[in-house]
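Understanding the architecture of this molecule
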Amino acid sequence: MNGEINMTVKLNQAEITKRYNGIVEDILYIYENASTYDFLEFKLGMKPPKKLTEILEFLLIEKELTPSIVNALVDYAMNTNNGINKESLTELANQCIENDVLTTEEVMEYLKTM
């Protein structure tokens, strides 16, 4: 290995669960404490265009979703091939509503199944 140190970390199941739960708690904190506009701006790395802010307004006002749920849906859409568009976010919102998935934690769990 020519002086290189090969370090592998072996984590047991309890350590993995603890670290995973910590990450989930951090994500939940961000969803619950960031405004939808600020969250989208952070995810995009720039000021959101008007078309995207109108989608946020639609989800908040017309679909009556909480800002934290909208943040979770936006994050999911940006991390999948769905992207941020009114159709895909409306479909996600409708699925959550139809399945009585109404808290941020429930939305996070529900999105894992998709």
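To start, this report covers the structure provided alongside it. Bear in mind the structure is a predicted one, so any value in this text is a computation, not a measurement.

This part is about the overall build of the protein. Summing up its helical and strand segments, the protein has 6 helices and 0 strands in all. N-terminal to C-terminal, the α/β element order of the protein is α-α-α-α-α-α. Considering the protein as a whole, with its 114 residues, one finds that 32% of them fall into the buried category. Summarising the internal contacts of the protein: among those between residues at least 6 apart in sequence, 56% fall at separations of at least 24. Carbon and sulfur atoms make up 52% of the accessible area of the protein, which totals about 7,900 Å².

The next point concerns the pattern of salt bridges. Evaluated as defined, the whole model comprises 3 salt bridges. Of the charged contacts in the structure, one is a salt bridge between Lys50 and Glu54, with a shortest N-O distance of 3.9 Å. Taken together, the residues span about one helical turn, with Lys50 and Glu54 both in helix α3 (residues 50–62) at a distance of 4 residues. On the basis of relative accessibility, which here comes to 61%, the residue Lys50 falls in the exposed class.

The next point concerns unusual backbone geometry. With a phi angle near 55°, Glu64 is a residue other than glycine that sits in the positive phi range. Note on placement: Glu64 falls in the loop between α3 and α4 (67–79). Of note, the phi angle at Asp100 is positive, near 55°, even though the residue is not glycine. With respect to the helices, strands and loops of the structure, Asp100 is situated in the loop between α5 (86–98) and α6 (104–112).

A word on the environment of Glu54. For Glu54, a relative accessible area of 40% translates into the label partly exposed. Sequence separation between Glu54 and Lys86 is 32 residues; the distance between their C-alpha atoms is 9.0 Å.

Criteria and cut-off values
- Residues numbered from 1 in each chain as written.
- Predicted model: local features only at pLDDT ≥ 70, side-chain atom pairs only at ≥ 80, totals over all residues.
- Heavy atoms only, no water.
- Helix = DSSP H or I, 4+ residues; strand = E, 2+ residues; numbered from the N terminus.
- Buried < 20%, exposed > 50% of the residue type's maximum accessible area, 1.4 Å probe, protein only.
- Contact = heavy atoms within 4.5 Å.
- Areas by Shrake-Rupley, 256 points an atom, 1.4 Å probe, with all protein chains shown as cover.
- Salt bridge = Lys/Arg side-chain N within 4 Å of Asp/Glu carboxyl O.

Remember, this is a structural readout, not a statement about activity or role.
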